[in-house]
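Chain by chain, the residues run as shown.
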Amino acid sequence: MDNTRKTMQDYIASCPDYIRHNTVASALLTKPVTKEFLRGNYRTIWIIGCGSSMNGAMCARPFIRKYLGTEVKVLAPFTFVTCEHDITDEDMVILVSQSGYSLNVLEAAEVVKQKGRRCIALTGDLQSDLANVCDIAADYGAGRETVGFVTRGMTTLTLFLILFAIEAGQAVGTITAEEAAVLKEQIIACADVNEQVQKDWVPFFDANYRSLSGITNAYVCGVGANYGTALEGALKISETVKIMTAAHEPEEFIHGPNLQLTPGYTVFLIETEPGRDRIRKIYEGTRIVTDNAYLITTDPAYTGDHVFHVSCDVPDELTPLCILPFFQLTAWKLAADLNRWEKHPLQRKMEEYVYSKSENYSRSPFNEDTPGHH
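A brief look at the structure comes next.

### Re the packing of helix α10 (residues 225-240) against helix α13 (residues 320-337)
Two elements in contact, α10 and α13, have axes separated by 9 Å at closest approach and are oriented at 10°. In this view, α10 runs roughly parallel relative to α13, as classed from their interaxial angle. Of α13, the residues touching α10 (which contributes Ala225, Asn226, Thr229, Glu232, Gly233, Lys236, Ile237 and Thr240) are Pro320, Ile323, Leu324, Phe327, Ala331 and Ala335.

Shown next, in the form of structure tokens:
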């Protein structure tokens, strides 16, 4: 038995194979959620989750809205519990927790039950507390990921929600079987791009190592499906490298947040089809202030030392599956090289005082004493 502890890099490297496998298994993988969607004749989908779970939902939201034709509301559990839980019988409520033991998601499930509504759990552990309290539980195909700074879990959650939209879309007639087949082929192509991005990232990171390894604070900006990518990029850098990193929509970035820019700031801008010209102008403007600005683009014609190309020919709503490894690998490598895994001693005391997992988490398959686990 191989007892070697896996790292973030190992889980990132496995994502392309998981994308391929889960896409082939799409109908079976998504069946519990698709069946509930059809049973309830729902008009709106609420997805409740925090951290990477929320970010994965944000990445998938534009795809669901476009191909399933259903409005999607993405909320953090605490917001749902305290402020915004006016769900009706036309709202499908999906609660997401990879471990299945997050207290805030469990509290959200209680609110759903108190309102007499059904709830669906998406989790990596079908024996978890969340799976046990929800009416329906589905494993979204992340496998076992024991590093707390989840990467494969983020990618596979985004994929699951996209595949659900394809299967449910066929069932309700918003897309044809032929269109669904083409979309799945494009998702498989995303796996190939994801793999290529991981390879291309190595020389790019090495070439810009002096700048990137000196990072002290950062912004990550994206729009559409890649607003979710930006959120995840900021989260990963924040929690691993342990520096202040904010996520913004690009135009929002230049309406206030950019006022604090100095030559020492780092800014990542994600440029795909929506708003391409404007995002590029913002990138070029940012370079006036700081050399530490980077453009991640799907346009092969635009070049530069700080321009990273993602070569893909898929709908924009699928591009997070291609772009995510750029940020996942950057966060992992910087944290590893700068030795940022350890937390401040007082932060550990804070975690003991304000615990985020249920008591049963101690028996979770995700609870291992691995580097970077939290």
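Moving on, there is more to tell.
### Things to note about the packing of helix α1 (residues 8-24) against helix α8 (residues 177-207)
In a packed pair of helices, the relevant descriptors are the angle between the two axes and the axis-to-axis distance. Put simply, α1 and α8 touch, their axes get as near as 9 Å, and they point 170° apart. Regarding the angle of α1 to α8, the classification is roughly antiparallel. Note on element contacts: α8 touches α1 through Lys184, Ile187, Ile188, Ala191, Asp192, Asn194, Glu195 and Gln198, opposite Ile12, Ala13, Cys15, Pro16, Ile19, Arg20 and Thr23. Class assignment of the residues belonging to the contact of α1 with α8 gives a composition of eight nonpolar, three polar and four charged.

### Section: the nonpolar core
Within the largest apolar cluster, 79 residues are counted, with the highest numbers of intra-cluster contacts made by Leu122 and Phe268. Dropping the residues within four chain positions of it, phenylalanine 268 is found in contact with Leu212, Ile215, Tyr219, Val220, Cys221, Ile237, Tyr294, Ile296, Phe326 and Phe327. Membership of the second largest hydrophobic core comes to 17 residues, among which are Leu75, Val111, Leu130 and Cys134.

### Looking at the pattern of salt bridges
For the coordinates displayed, the defined rule picks out 22 salt bridges. For glutamate 90, the salt bridge goes to arginine 43, with nearest N and O atoms at 3.9 Å. In this pair, glutamate 90 is assigned in the loop between α4 (77-82) and β3 (91-97) and arginine 43 in the loop between α2 (26-40) and β1 (44-48), connecting sequence segments 47 residues apart. You can call arginine 43 exposed: its relative accessible area is 57%. In this structure, the salt-bridge partner of lysine 236 is glutamate 232, at a minimum N-O distance of 2.9 Å. Of this pair, lysine 236 and glutamate 232 both sit in helix α10, four residues apart, which is roughly one turn of the helix. Salt bridges sharing common partners tie together Glu271, Glu273, Arg276, Arg280 and Asp299.

### Re the environment of phenylalanine 308
Considering the arrangement of structural elements, one finds phenylalanine 308 in strand β10 (residues 307-309). We classify phenylalanine 308 as buried; its relative accessible area is 2%. For the pair formed by phenylalanine 308 and arginine 152, sequence separation is 156 residues and the distance between their alpha carbons is 22 Å. Sequence-distant contacts of phenylalanine 308, defined by excluding residues within four places in its chain, comprise Val197, Asp200, Trp201, Phe204, Leu295, Ile296, Thr297 and Phe326.

Rules used throughout
- Residues numbered from 1 in each chain as written.
- Predicted model: local features only at pLDDT ≥ 70, side-chain atom pairs only at ≥ 80, totals over all residues.
- Heavy atoms only, no water.
- Axes fitted to C-alpha atoms, helices over the stretch in contact; angles between N-to-C directions.
- Helix = DSSP H or I, 4+ residues; strand = E, 2+ residues; numbered from the N terminus.
- Parallel < 35°, antiparallel > 145°, perpendicular 65-115°, else oblique.
- Contact = heavy atoms within 4.5 Å.
- Nonpolar A, V, L, I, M, F, W, Y, C, P; charged D, E, K, R; others polar.
- Core = buried A, V, L, I, M, F, W, Y, C linked by side-chain atoms within 4.5 Å.
- Buried < 20%, exposed > 50% of the residue type's maximum accessible area, 1.4 Å probe, protein only.
- Salt bridge = Lys/Arg side-chain N within 4 Å of Asp/Glu carboxyl O.

Purely geometric numbers; function is a separate question.
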